[in-house]
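# Tertiary structure, described
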Amino acid sequence: MKRLIERSRSVGEVLRWVTQNPGKVSASHYPIALHKLGQLLQQQPGPPMGAGDGRGPAGQVLEQPEFHALCQAIVSGCAKFDNFSIVNCLYAAAALGLPGESPLVRVLEDESRSRLGRFNQKDVSMVFSSEANNKALEAIFSSQLFYENRQERFIRSMAEWLPRKAENLTPYTMALIAKYVARHRLREPRLLDTIANFLLKRGEQLDSKVIQKLVFPFSRMNYRPSNHGELFPKLEAILEQKAGSSPLATVNILMSMFQLSHFPQTVLHQVFSPGFITNVMSSPYALIVRRYLSLLDAAVELEFREYSGPRLDPRYRVLMFEHALTADEANRKYSYKGLVAEALRQLVGEECYRQDEVLPPGYCTDFLLWINRSGTVLPLSRVPAASRAPPATSPVTMSLRSSVLALTSDLQDFAPFAPETPSSPPGPRESSRAGRVVLSVNDKWHYCQNSDILVGSRAMRDRHLRLLGYCLVQLPYTELEKVSGIEEAKHYLRQKL
């Protein structure tokens, strides 16, 4: 049956072999039939598969009774299929252009999702690789099942052949690839450089919303493309022309460039201009753009001192974030923050630290402590208000420059950790010279995949906190995963502090 299907010369012949010989058709034959249908349809003139309008040979085939019978046979029997046949059928259906709401795709995706824990990584990756032709890429990366799960073998394979095929891809397909790379924090230079080269060649024809999607993986992975010397000036020129067409996309692109320590001066003149601000304030996404502009303004103050253009009006400044990031909240049960919190509580007491404190310009810190020159951790009640960070409740009137000066003026060299004892309360002079220490619990999702490089947003947060006068103590998950129990955790923190 396998040979008969593969040797078929027409769509009708494939459908006849499968539907008229049910007793001779096994689970492994269905994906072969779907793949063969896809190959035959690609050879016929008409709209491309997946066009979705039902015209041409593809649309006609999908409406044939024999094709519906084939789909129904797969739906009825898929619970008994092996894993490879399930996934192979799913991606063959996607390559055929079947819509996600079709009964066949829904049943196959539900069955695949229920088996994810039992899938053989090698088999699944082979399926993805077998589908990696130019016309099937969009279907693959549009699949929610594929998007939600990292396929490392497929990505490594794609890094080899994507540079050769990139010129023939649509911007939409490349944006889907960029989205997948960013979601799974895949710092694969060949893929990222391919996206960068695509952007350099096609950027002028793309709208800013598409450019935003293509740029995001670079900042997400804290990666400057090999062509950044050409690409970044090109992006600046494009943004100068298109800054007002999509303000949200514009500030997103700017944020990506800032995270990579690139500051496009002429574009900043535009986004901080009264006209741009007025346009933003009357839009439905006013608050999110204000958040981005506030953080960009803070970054200019901290990192781009030579800039002399317009700045964000203090009336519009808000905190970038008012609480822990969504990813951190969603992954809290997998975080080492709970272990560190309990060890810290036993080590210095609850009165000596704050957890999840948000510091201007809107960075959530894991643990915030004050330590004096002798290495003593101070209870917060004994730290004078002048020594503390600017309150997060009044961002509108804050001056980051004055914050920087105030915070850096009393930075001290930190002595080895020495817990405070009741017999030696700190004096006023000692308290006033307290240094601010941020314990940063860097969990696995704060790094690029299989790397010790922090994602771009985390790296910029760390840069800014240091510039604001905080001493950062990094607690990477690679060290925390070796800690066993509270006593070891306390010993680990004592050494770190």
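A short tour of the structure in this document, coming up. Counting restarts for each chain: residues are numbered from 1 in the order of the written sequence. With the structure being a predicted model, the display of local features is reserved for residues of pLDDT at least 70 and the display and counting of side-chain atom pairs for 80 or more, all residues being used for whole-chain, interface and lining totals. To obtain the side-chain values, all non-hydrogen atoms of the structure were used and water was disregarded.

Time to look at the pattern of salt bridges. By convention in these notes, a salt bridge is any Lys or Arg side-chain nitrogen within 4 Å of a carboxyl oxygen on Asp or Glu. The tally for this structure, following the rule as stated, stands at 17 salt bridges. A salt bridge links glutamate 301 to arginine 311, with the nearest nitrogen and oxygen atoms 3.0 Å apart. On the criterion of sequence distance, the pair formed by glutamate 301 in helix H19 (residues 286-303) and arginine 311 in the loop between H19 and helix H20 (326-330) is long-range, its members being ten residues apart. Residue glutamate 301 is classed as buried on the basis of its relative accessible area, which comes to 13%. With its nearest N and O atoms 3.0 Å apart, the salt bridge here joins arginine 354 to glutamate 357. What counts as a helix is a DSSP run of H or I of at least four residues, what counts as a strand is a run of E of at least two, and both are numbered from the N terminus. Three exposure classes are used, based on accessible area relative to the maximum for each residue type with a 1.4 Å probe and protein chains only: buried under 20%, partly exposed in between, and exposed over 50%.

Here the bond from proline 360 into proline 361 is cis, since omega is 10°, no more than 30 degrees from zero. In this structure, proline 361 sits in the loop between strand E1 (354-359) and strand E2 (363-371). Phi at arginine 185 is positive, roughly 55°, even though this residue is not glycine. With respect to the secondary-structure elements, arginine 185 resides in the loop between helix H12 (171-183) and helix H13 (189-202). On the basis of relative accessible area, arginine 185 is assigned to the buried category, the value being 12%. In the Ramachandran plot, asparagine 450 falls in the positive-phi region, its phi being about 55° despite a non-glycine side chain. Checked against the element boundaries, asparagine 450 lands in the loop between strand E3 (435-442) and helix H24 (456-467).

In this text, buried Ala, Val, Leu, Ile, Met, Phe, Trp, Tyr and Cys residues form a nonpolar core when linked through side-chain atoms within 4.5 Å. Grouped together as the largest cluster of nonpolar side chains are 113 residues, with contacts concentrated most on Phe141, Met158 and Leu293. Source of the domain bounds: an automatic or database domain assignment. There are two domains that each give this core at least three residues, and those are domain 1 (167-318) and domain 2 (329-389 + 431-496). We call two residues contacting when some pair of their heavy atoms lies within 4.5 Å. Those residues in contact with leucine 293, other than ones at most four positions away along the chain, are Val251, Val271, Phe272, Phe276, Ile277 and Leu312. Counting residues in each nonpolar core, the second largest holds 23 residues, with Ala341, Leu439, Ala489 and Leu493 among its members.

The element E3 is extensively covered by neighbouring structure, given that eight of its eight residues are classed as buried. Burial of the side chains of E3 extends over both faces: Gly435, Val437, Leu439 and Val441 are buried on one face and Arg436, Val438, Ser440 and Asn442 on the other. A pair of strands is considered paired only if DSSP assigns at least 2 bridges between the two. Strand direction decides the pairing type here: E2 and E3, joined by five bridges, are antiparallel. Bridge assignment links phenylalanine 367 to a residue of E3, and that residue is leucine 439. With six bridges joining them, E3 and strand E4 (residues 471-476) adopt parallel strand pairing.

Next up on the list: a positive patch on the surface. Patches in this entry comprise residues that are over 30% relatively accessible and not in a salt bridge; like charges within 9 Å are linked, as are nonpolar side chains (Val, Leu, Ile, Met, Phe, Trp, Tyr) within 5 Å. To be clear on the numbers: accessible area is Shrake-Rupley with a 1.4 Å probe, and residue cover counts the displayed protein chains and nothing else. Counted as positive: Lys and Arg. Counted as negative: Asp and Glu. His and the chain ends are not counted at all. Here the site of a charge means atom NZ of a Lys, CZ of an Arg, CG of an Asp or CD of a Glu. Taken together, the side chains of Lys179, Arg183, Lys209 and Lys213 present a region of like positive charge at the surface. Those elements that place two or more of their residues in the positive patch are H12 and helix H14 (208-220). The residue lysine 213 is located in helix H14 in this model. Under the relative-accessibility criterion, lysine 213 is labelled partly exposed at 49%.

Moving on to the environment of asparagine 372. Topologically, asparagine 372 is positioned in the loop between E2 and helix H22 (400-409). What makes asparagine 372 buried here is its relative accessible area of 2%. Between the C-alpha atoms of asparagine 372 and arginine 436, which are 64 residues apart in sequence, the distance is 8.8 Å. Within the structure, the side chain of asparagine 372 is placed 2.9 Å from the side chain of serine 374, a separation counted as a polar contact. Residues adjacent in sequence count toward polar contacts only when both atoms are side-chain atoms; beyond that, a polar contact is any pair of N or O atoms within 3.5 Å, and within protein one must be able to donate a hydrogen and the other to accept it.

For H12, which comprises 13 residues, the first-to-last C-alpha distance of 18 Å matches the rise-based estimate of 18 Å (1.5 Å per residue) to within 8%. Taken as a whole, H12 has its buried residues at Thr173, Met174, Ala175, Leu176, Ile177, Ala178, Tyr180, Val181 and Ala182. Positioned one or two residues after H12, arginine 185 has a phi angle of 55°, which is positive. For a helix, the expected span equals 1.5 Å multiplied by the residue count minus one.

Note on aromatic pairs: the rings of Phe, Tyr and Trp (six-membered ring only in Trp) are paired at centre separations within 6.5 Å, and the planes decide the class, stacked below 30 degrees, edge-to-face beyond 60, tilted for the rest. Throughout the structure, instances matching the rule amount to six aromatic pairs. Taken together, a centroid distance of 4.8 Å and an interplanar angle of 85° make the contact between phenylalanine 258 and phenylalanine 263 edge-to-face. In terms of burial, phenylalanine 258 and phenylalanine 263 fall into one category: buried. Judged by centre distance (5.9 Å) and plane angle (70°), the rings of tyrosine 353 and phenylalanine 367 are edge-to-face. Remark: phenylalanine 367 occurs in strand E2 and tyrosine 353 occurs in the loop between helix H21 (337-348) and E1; sequence separation between them is 14 residues. Given a relative accessible area of 11%, tyrosine 353 falls into the buried group. Three or more aromatic residues joined by ring pairs make a cluster, and in this case those are Phe258, Phe263, Phe304 and Tyr307. One residue, lysine 165, lies across the ring of tryptophan 161, its end atom 4.9 Å from the ring centre. In our convention, an over-ring charge means Lys NZ or Arg CZ found within 6 Å of a ring centre and within 35 degrees of that ring's normal.

With that out of the way, let us pick up the sheet that holds E4. What the four strands build is an open sheet, ordered E1-E2-E3-E4; its pairing is mixed. Both edges of this open sheet fall to E1 and E4, since each of them pairs with a single strand only. Direction aside, neighbouring strands of the sheet carry axes that sit 45° apart on average. Along the sheet face, helix H26 (residues 485-496) touches E3 and E4 and points at about 145° away from the line of E4. To define axes, lines are fitted to C-alpha atoms, for helices over the stretch in contact only, and angles between the resulting N-to-C directions are given on a 0 to 180 degree scale.

A separate point is the side chain of asparagine 442. Examined against the element boundaries, asparagine 442 turns out to sit in strand E3. Relative accessible area serves as the criterion here: at 2%, asparagine 442 is assigned to the buried category. A polar contact of 2.6 Å, which involves the side chain of asparagine 442, links it to the side chain of glutamine 474. In this structure asparagine 442 touches Tyr447, Leu454, Arg458, Gln474, Leu475, Pro476 and Tyr477, once residues within four positions along its chain are discounted.

We now examine the side chain of glutamine 259. Checked against the element boundaries, glutamine 259 lands in helix H16 (residues 247-259). Under the relative-accessibility criterion, glutamine 259 is labelled buried at 11%. Setting aside its immediate chain neighbours within four residues, glutamine 259 contacts Ser219, Asn222, Gly456, Ser457, Met460 and Arg463.

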